[in-house]
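Next come the chains, spelled out residue by residue.
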Amino acid sequence: MTLRIDEIGFGNLKLIQDPEQFCYGVDAVLLADMASGCGSFKKAADLGTGTGIIPLILSSKDEGMHITGYDVIGSNIELARKSAELNGLASRLEFHQMDVIDIPGCEDKESVQLVTCNPPYFKRGAGIVNENSVKFVSRQETTGTVDDFAAAAAHLLQERGHFCMIHRPDRLVDIICSCRKYRLEPKELRMVAPRENGIPNMVLIHCIKGAGKELKVKPTLNIYKSGANGVYTEEVIGIYGK
């Protein structure tokens, strides 16, 4: 395994990654940005944490927050723990190897105020099968479904706690149905398009456990400027803090 250490661009923090496995993208940055806008919290959890990028970003935005990351892949958890130690954050960031379907049976019931989730985007049996098992599990629902992630979030969240997820627009009906099933009321929704005037390929959704029914739809967030190859929009540059 050949590892690399990347500067993530937040608080001089570094992330250890295996370039042959699943590496984080802009979706994780956008999710962390939405979550940080929900307020300041003492305890948070990240479901499907991968190598821990979202806890790292959140730790730079809220220095009083303790964040627990859960992932089914042991090698991801190992790298996440190493990154926490590398950045001197082992006392604030902890990581557990656990399948999301097992979280509702754990003892941490109603223990956090914020849950983030960047789950596999493709339904079980959909998409292209990748021979690299880590990438395959990261991209496709091999065990936990959208419903399982919602159930886990509801189990961990305190009443009026916040749940933030990024996913694909074609899964939006599944997401909303599952969130309401577990009393995670959708409060804010934002489509994300790869470029200005483009068709959205991601969706950000913010829910509050036990809240009233009122959904606000925000303007589409565009990643790249139209006609400018690889140039971020001003809003995305601001999210990265550049």
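Residues numbered from 1 in each chain as written. Predicted model: local features only at pLDDT ≥ 70, side-chain atom pairs only at ≥ 80, totals over all residues. Heavy atoms only, no water.

The helix and strand tally for the protein stands at 7 helices and 11 strands. Its C-alpha atoms give the protein a radius of gyration of 17 Å, within 12% of the compact-globule value 18 Å for 242 residues. Looking at the protein residue by residue over its 242 residues, the buried ones come to 49%. The long-range fraction of contacts in the protein, counting pairs at least 24 apart against all pairs at least 6 apart in sequence, stands at 69%. For the protein, the exposed area adds up to about 11300 Å²; of that, 49% sits on carbon and sulfur atoms. Of the charged side chains in the protein, 28 are positive and 31 negative; the average position of the first set lies 5 Å away from that of the second. (Helix = DSSP H or I, 4+ residues; strand = E, 2+ residues; numbered from the N terminus. Rg over C-alpha atoms; globule rule 2.2 N^0.38 Å. Buried < 20%, exposed > 50% of the residue type's maximum accessible area, 1.4 Å probe, protein only. Contact = heavy atoms within 4.5 Å. Areas by Shrake-Rupley, 256 points an atom, 1.4 Å probe, with all protein chains shown as cover. Lys, Arg positive; Asp, Glu negative; His and termini not counted. Charge placed at Lys NZ, Arg CZ, Asp CG, Glu CD.)

We now examine the packing of helix 1 (residues 26-36) against helix 2 (residues 53-61). Taken N-terminus to C-terminus, the directions of helix 1 and helix 2 make an angle of 40°; their axes are 9 Å apart at the nearest point. Overall, the two elements helix 1 and helix 2 adopt an arrangement that is oblique. In the packing of helix 1 onto helix 2, the handedness of the crossing is right-handed. Where helix 1 abuts helix 2, its residues Ala28, Val29, Leu31, Ala32, Asp33, Ala35 and Ser36 lie against Ile53, Ile54, Ile57, Leu58 and Lys61. In terms of residue class, the contact of helix 1 with helix 2 is made up of 9 nonpolar, 1 polar and 2 charged. (Axes fitted to C-alpha atoms, helices over the stretch in contact; angles between N-to-C directions. Parallel < 35°, antiparallel > 145°, perpendicular 65-115°, else oblique. Left-handed = near helix turned anticlockwise from the far one by under 90°. Nonpolar A, V, L, I, M, F, W, Y, C, P; charged D, E, K, R; others polar.)

Our next topic: helix 6 (residues 172-181). Inspection of helix 6 places Leu172, Ile175, Ser178 and Cys179 among the buried residues, and these make up the whole buried set. Considered in projection along helix 6, the buried side chains sweep an arc of 135° and stay on one side of the axis. Exposed and oriented more than 90 degrees from the buried face of helix 6 are Val173, Cys177 and Lys181. (Arc of directions from axis to C-beta.)

Next up on the list: the pairing of strand 5 (residues 93-97). One ladder, built from 5 bridges, connects strand 4 (residues 66-71) with strand 5; its direction is parallel. Paired with Gly69 across the bridge in strand 5 is Phe95. Once the chain exits strand 4 it traverses helix 3 (residues 74-86) before rejoining the sheet at strand 5, and the crossover so formed is right-handed. (Pairing = 2+ DSSP bridges. Right-handed = clockwise from strand over helix to strand, strands pointing away.)

Geometrically, a pair of aromatic rings is defined through the distance of the ring centres and the angle of the planes. Applying the stated criterion across every chain, the model contains 3 aromatic pairs. Ring geometry for Tyr232 against Tyr240: centres 5.4 Å apart, planes inclined by 15°, an arrangement best described as stacked. Since its relative accessible area comes to 22%, Tyr232 is described here as partly exposed. Three or more aromatic residues link up through ring pairs in this structure, and these residues are Phe10, Tyr224, Tyr232 and Tyr240. (Phe/Tyr/Trp six-rings, centres within 6.5 Å; stacked < 30°, edge-to-face > 60°.)

Take the confidence of the model for the protein next. Per-residue confidence for the protein gives a mean pLDDT of 91, with 90% of residues at or over 70. Ignoring residues within four places in sequence, the model shows residues 134-141, a span with pLDDT below 50, making 37 contacts including any to other chains. (pLDDT = per-residue confidence, 0-100.)

Looking now at the pattern of salt bridges. Taken as a whole, this structure holds 11 salt bridges when the rule is applied. The salt bridge involving Asp147 is made with Lys181; its shortest N-O contact spans 3.3 Å. With Asp147 in helix 5 (residues 146-156) and Lys181 in helix 6, this pair connects stretches of sequence that are 34 residues apart. Overall, Lys181 belongs to the exposed group, its relative accessible area being 53%. The partner of Asp174 in a salt bridge is Arg171, and the shortest N-O contact between them spans 3.2 Å. When its relative accessible area of 28% is taken as the criterion, Asp174 is described as partly exposed. (Salt bridge = Lys/Arg side-chain N within 4 Å of Asp/Glu carboxyl O.)

On to the side chain of Gln17. Inspection of the secondary structure puts Gln17 in strand 2 (residues 14-17). Within the structure, the side chain of Gln17 is placed 2.7 Å from the side chain of Asp6, a separation counted as a polar contact. The contact partners of Gln17, leaving out residues within four places of it in the chain, are Thr2, Leu3, Arg4, Asp6, Cys23, Tyr24, Thr51 and Leu79. (Polar contact = N/O pair within 3.5 Å; in protein donor to acceptor, adjacent residues only side chain to side chain.)

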